[in-house]
Amino acid sequence: MSKDSPTKDGAETARMRLDKWLWAARFYKTRSLATREVKTGRLRINGTHVKKPSAAVVVGDVLTFAKAERVFVVRVLALSDQRGPAIVAQGLYEDLSPAPDSAKTAQEKNRHARREAGSGRPTKADRRALDRFLSQKE
C-alpha cells in the first residue's frame, strides 16, 4: 500500500507514511503511539523537524528521534506495510546511533540517595544539598 510518485526523470519512488513505518519497524507498539510522538515535533527526517505523521519516508532517509532516554539515528533501508517479526523489522533500517556507555548509564540510573527510614520526604533544601554533594563526588 506504499504510494509511488514520479520524479523528475520519470522513475517511480516508493513512499510511505512516517507513523506507519515507525510502527512497522517496531519502534512503537501501536501506530497511534507513533502518531503521537511524531506530532510532538521532536522527530527529524534528514535533519528537518517533522510534525505531521503523514510525512513521506523514502528509502535512504535518515530519521533522528529520542525514545526512552536514548537518541536513535536510523537510515531507512526498506519500506513495509506490515508489522512483522523483530528480525524482519530490523532489516528495515540501519542503526547509526552512537553506542551508549551501558555500564556508566546503568550505574547512574541505579544510584539513589539513602535516607533514614521514617524521616519523611526531603525538603527542597535537602534535595539541593544532596545534588551538590553528588556532583562533587564525580
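Up top is the structure these notes are about.
Residues numbered from 1 in each chain as written. Predicted model: local features only at pLDDT ≥ 70, side-chain atom pairs only at ≥ 80, totals over all residues. Heavy atoms only, no water.

J.: Give me the overall build of the protein: which residues, what numbers.
T.: Looking only at helices and strands, one finds five helices and eight strands in the protein. Along the protein, from the amino end to the carboxyl end, the secondary structure elements read β-β-α-α-β-β-β-β-β-α-β-α-α. Of all 138 residues assigned to the protein, the portion counted as buried reaches 25%. Across the protein, the fraction of contacts at a sequence separation of at least 24, relative to all contacts at a separation of at least 6, is 40%. As displayed, the protein has an accessible area near 10000 Å², and 52% of this comes from carbon and sulfur atoms. (Helix = DSSP H or I, 4+ residues; strand = E, 2+ residues; numbered from the N terminus. Buried < 20%, exposed > 50% of the residue type's maximum accessible area, 1.4 Å probe, protein only. Contact = heavy atoms within 4.5 Å. Areas by Shrake-Rupley, 256 points an atom, 1.4 Å probe, with all protein chains shown as cover.)

J.: Account for the sheet that holds strand E7 (residues 70–76), naming residues and giving values.
T.: If you walk across this open sheet you meet the five strands as E4-E3-E6-E7-E8, and the pairing is antiparallel. Whereas interior strands pair on both sides, the edge strands pair on one side only; in this sheet they are strand E4 (48–50) and strand E8 (93–95). Ignoring which end each strand starts from, the neighbouring axes of this sheet average 30° apart. Where strand E3 (residues 43–45) meets strand E6 (residues 62–67), two bridges bridge the pair, whose relative direction is antiparallel. For Ile-45, the partnering residue across the bridge sits in E6 and is Leu-63. (Pairing = 2+ DSSP bridges. Axes fitted to C-alpha atoms, helices over the stretch in contact; angles between N-to-C directions.)

J.: Lay out the side chain of Asp-61 in plain terms, naming residues and giving numbers.
T.: Counting through the fold element by element, Asp-61 comes out in the loop between strand E5 (56–57) and E6. The buried charged residue Asp-61 lacks any salt bridge partner; its closest oppositely charged side chain belongs to Arg-15, at an N-O distance of 6.6 Å. At 2.9 Å, the side chain of Asp-61 forms a polar contact with the side chain of Asn-46. Side-chain polar atoms of Asp-61 contact the backbone nitrogen of Val-58, separated by 3.1 Å. Those residues in contact with Asp-61, other than ones at most four positions away along the chain, are Ile-45, Asn-46, Ala-56, Val-74, Arg-75 and Val-76. (Lys, Arg positive; Asp, Glu negative; His and termini not counted. Salt bridge = Lys/Arg side-chain N within 4 Å of Asp/Glu carboxyl O. Polar contact = N/O pair within 3.5 Å; in protein donor to acceptor, adjacent residues only side chain to side chain.)

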